[in-house]
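# Coordinate analysis (summary)
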Amino acid sequence: METIKNKLVTKAEFIAEFIAERNVPAVFTLSGGMIAFIADAIYRLGLTPIIGMRHEQAAGFAAETCTRVSKIPSVALATSGPGATNLITAIASSFFDSVPTIYITGQVNQSEIKKSNLQRQNGFQELNIIEAVKGITKSAIQIGSDTNLKFVLNKAWETATSGRPGPVLIDIPIDVQQEVYQNVKLKSFNKKTKLNYKKEIDKLSELISKHKYPLILAGGGLVAADIIKDFRSLVEKLKLPVVNSLMAVDSLSSNSRYRIGMIGSYGNKESNYALRESDLLICLGSRLDVRQIGSDIEQFKMDKYIYRVDIDEFELNGTVRANKNLKVNLSHFITDWLKYCTISESKQWVDKIHEYKMNNPQQEEQDKALIWGPNDALLEISNLCKEAEGFIVDVGQHQMWAAQSIKLTDKQRFITSGGLGAMGFAIPSAIGACFAKKNNWIVIAGDGCTQLSIAEIQTIKEHNLPIVIFVVNNNQHGMVAQFQETN
Ligand SMILES: Cc1ncc(C[n+]2csc(CCOP(=O)(O)OP(=O)(O)O)c2C)c(N)n1
Ligand SMILES: [Mg+2]
């Protein structure tokens, strides 16, 4: 890329250049006056596609999923006030699912920003977005004329991508966007050195050898750590069964004999069976959410030895107290585990789980009157879509049927809104996915969810994106109906 060196540029242009230098795959936005200078600068520089969406929330979801697929932070831009508030659901989604998305909001002129918190509003469409998103971002900062822009951008990137990843928000008043900035070549932050975990791995191998029913629980943190290839090699080497949370459906391909399936109240029967029977549970980047383990923690633990690996100490110190907690970067840990692991012998244990599965098919949960239930339908859809890059799944019963029954090939992704569970996630997310990897993406959405983001079909058409949408129509908000009927 040609860098504009020793040339006076505006701060908006500098931001556009930063975005291009970092190879951001795409920027998603719905325009507005207070963000116009940055949007124009990105467009004029011509190095990063800038995609106009029909709603800022959709822009936010698109940027999140573009990030999840490309593994490079993507950007969503919004104008001040309603543009910024419309981003909030998407920001929360990135936060809960540990995605390092960059959100940039425009703000009114510095002179129009209210001076006291007691005043509701000063400028037109002025809103304190920094305060609003403090609890759902890793950092949220407003840039002023005196702020070192280059430092803040580098720092924001570093904050989003380091440790447990998550979103950051940068708010930039319109007058600051237009200020002149002396461009200097951007320097990237140093990568942290990798520690060696051989000692821990040796102890873990011994622990595994001492247990009869060891089980791995793959969580969203494992997928976020971008170490799936090594993880898969590790599992084939260890020959240990693996269950997953909703956020790690694609941690193993369905071809693997060791992929048992999803746990929890909406999980696969055989996975819950394996979880119950296990005497050693190795949790890799999993929050152990109430939907996965239930609210009775003692009942979940029984006499199991729980070994937790997570980068987030607040998760490790959460409700489930493990026998062993390891606060480490999972990608480093898995690399070392693969290097130093010893092979365990758990064939009988894996056979036992498969036997249970044979005798307890998932389909049996469905309404007996249905000849072809939703689990059959989702399995069939996946059989028809083996060439697709992956499945992007919305929120509701269809999401659970998909997580239970879709068969994934080696390369396919399964992307959904996990922690926030935000309806309307899938269609805009598929748009974001296309800008990260232009191949066919399959959307699975309920009749309810589809209506939240139906306008984005226009965006799909405008860019002629290879997205196929399957609407699972049960003429109701099925998950809520199920909740009402059973409570
Ligand atoms: C933004 C948002 N609003 C409300 C909910 C609560 N909710 C969860 S699932 C669901 C129903 C979704 O309906 P549909 O898309 O038809 O899926 P189904 O459960 O019928 O498969 C609702 C209303 C939510 N998760 N997100
Ligand atoms: Mg429905």
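Keep in mind that what you see is a predicted model, and the values were worked out from it rather than measured.

## Comments concerning the overall build of the chain
On a plain count of helices and strands, the chain comes out with 22 helices and 18 strands. A compact globule built from 487 residues should have a C-alpha radius of gyration of about 23 Å, and the chain, at 23 Å, falls within 12% of that. Projecting the C-alpha coordinates of the chain onto the three principal axes gives extents of approximately 70 × 55 × 45 Å. Long-range pairs, those at least 24 residues apart, make up 76% of the contacts in the chain with a sequence separation of at least 6.

## Here we look at the site of ligand 1
Close to ligand 1 lie 16 residues; Gly421, Asp447, Gly448, Cys449 and Gly478 are nearest. Within the side chain of His398, a nitrogen or oxygen atom sits 2.8 Å from an oxygen atom of ligand 1. For ligand 1, whose accessible area on its own is 590 Å², the fraction buried by protein is 76%. For the shell around ligand 1, the secondary-structure elements that each account for two or more residues are helix H18 (397-405), helix H20 (447-452) and helix H22 (478-486). Residue composition of the shell around ligand 1, grouped by class: five nonpolar, 10 polar and one charged.

## What about the sheet that holds strand E3 (residues 50-52)?
Reading across the sheet, the six strands line up as E3-E2-E4-E5-E7-E6 and stay open at both edges, with parallel pairing between neighbours. Looking at strand neighbours, the two that pair on one side only are E3 and strand E6 (139-142), the edges of this open sheet. Taking the axes of each pair of neighbouring strands and ignoring which way they run, one obtains an average angle of 20° across the sheet. As paired elements, E6 and strand E7 (residues 168-173) share four bridges and run parallel to each other. Each residue of the ladder has a partner; that of Gln142, found in E7, is Asp171. Set on the sheet, helix H6 (residues 149-161) makes contact with strand E5 (102-107), E6 and E7; between it and E7 the angle comes to about 160°.

## Looking at helix H19 (residues 426-436)
Taking burial as the measure, the 11 residues of H19 include nine buried ones, the bulk of the element. Of all the positions in H19, only Ala426, Ile427, Pro428, Ser429, Ala430, Ile431, Gly432, Ala433 and Cys434 are classed as buried.

## Focus on the sheet that holds strand E18 (residues 467-472)
What the four strands build is an open sheet, ordered E16-E15-E17-E18; its pairing is parallel. Looking at the sheet topology across the chains shown, the edges are occupied by strand E16 (413-416) and E18. Averaged over all adjacent pairs, the angle separating strand axes in this sheet is 20°, with direction ignored. Strand direction decides the pairing type here: strand E17 (residues 441-446) and E18, joined by six bridges, are parallel. Its bridge partner lying in E18, Ile444 is registered against Phe470. Set on the sheet, H18 makes contact with strand E15 (390-393), E16, E17 and E18; between it and E16 the angle comes to about 160°.

## Re the packing of aromatic side chains
Here the distance between the centres and the angle between the planes together describe a pair of aromatic rings. What the rule picks out here adds up to nine aromatic pairs. When the centroid spacing of 5.9 Å and the interplanar angle of 80° are considered together, the rings of Phe18 and Trp157 count as edge-to-face. You can see Phe18 sitting in helix H1 (residues 11-21) and its partner Trp157 sitting in helix H6, a full 139 residues away along the chain. Judged by relative accessible area, Phe18 falls into the buried class, the value being 5%.

## Some thoughts on the coordination of the magnesium ion (ligand 2)
The textbook angles at a metal center are 109.5 degrees for a tetrahedron of four donors and 90 or 180 degrees for an octahedron of six. In the first shell of the magnesium ion (ligand 2), the protein supplies Asp447 (OD), Asn474 (OD1) and Gln476 (O), at 2.0 to 2.1 Å from the metal. Of note, the donors binding the magnesium ion (ligand 2) are all from one chain and are spaced D-x26-N-x1-Q. With Asp447 in helix H20 and Asn474 in the loop between E18 and H22, this residue pair connects regions lying 27 residues apart in the sequence.

## Structural notes on the pattern of salt bridges
In this structure the tally under the stated criterion is 20 salt bridges. We note a salt bridge from Asp226 to Lys71, for which the minimum N-O separation is 4.0 Å. Taken together, the residues span a long stretch of sequence, with Asp226 in the loop between helix H9 (220-224) and helix H10 (228-238) and Lys71 in the loop between helix H3 (56-70) and strand E4 (75-78) at a distance of 155 residues. Given the relative accessible area of 46%, Asp226 is considered partly exposed. For the salt bridge of Lys198 with Asp202, the shortest nitrogen-to-oxygen distance reads 2.8 Å. Separated by four residues within a single helix, Lys198 and Asp202 lie in helix H8 (residues 198-210), roughly one turn from each other. The partly exposed category is assigned to Asp202, whose relative accessible area is 35%.

What counts, and where the lines are drawn
Residues numbered from 1 in each chain as written. Chains lettered and ligands numbered in written order. Predicted model: local features only at pLDDT ≥ 70, side-chain atom pairs only at ≥ 80, totals over all residues. Heavy atoms only, no water. Helix = DSSP H or I, 4+ residues; strand = E, 2+ residues; numbered from the N terminus. Rg over C-alpha atoms; globule rule 2.2 N^0.38 Å. Contact = heavy atoms within 4.5 Å. Near = heavy atom within 4 Å. Polar contact = N/O pair within 3.5 Å; in protein donor to acceptor, adjacent residues only side chain to side chain. Areas by Shrake-Rupley, 256 points an atom, 1.4 Å probe, with all protein chains shown as cover. Nonpolar A, V, L, I, M, F, W, Y, C, P; charged D, E, K, R; others polar. Pairing = 2+ DSSP bridges. Axes fitted to C-alpha atoms, helices over the stretch in contact; angles between N-to-C directions. Buried < 20%, exposed > 50% of the residue type's maximum accessible area, 1.4 Å probe, protein only. Phe/Tyr/Trp six-rings, centres within 6.5 Å; stacked < 30°, edge-to-face > 60°. Donors = N, O, S within 2.8 Å, 3.2 Å for Na, K, Ca; no water. Salt bridge = Lys/Arg side-chain N within 4 Å of Asp/Glu carboxyl O.

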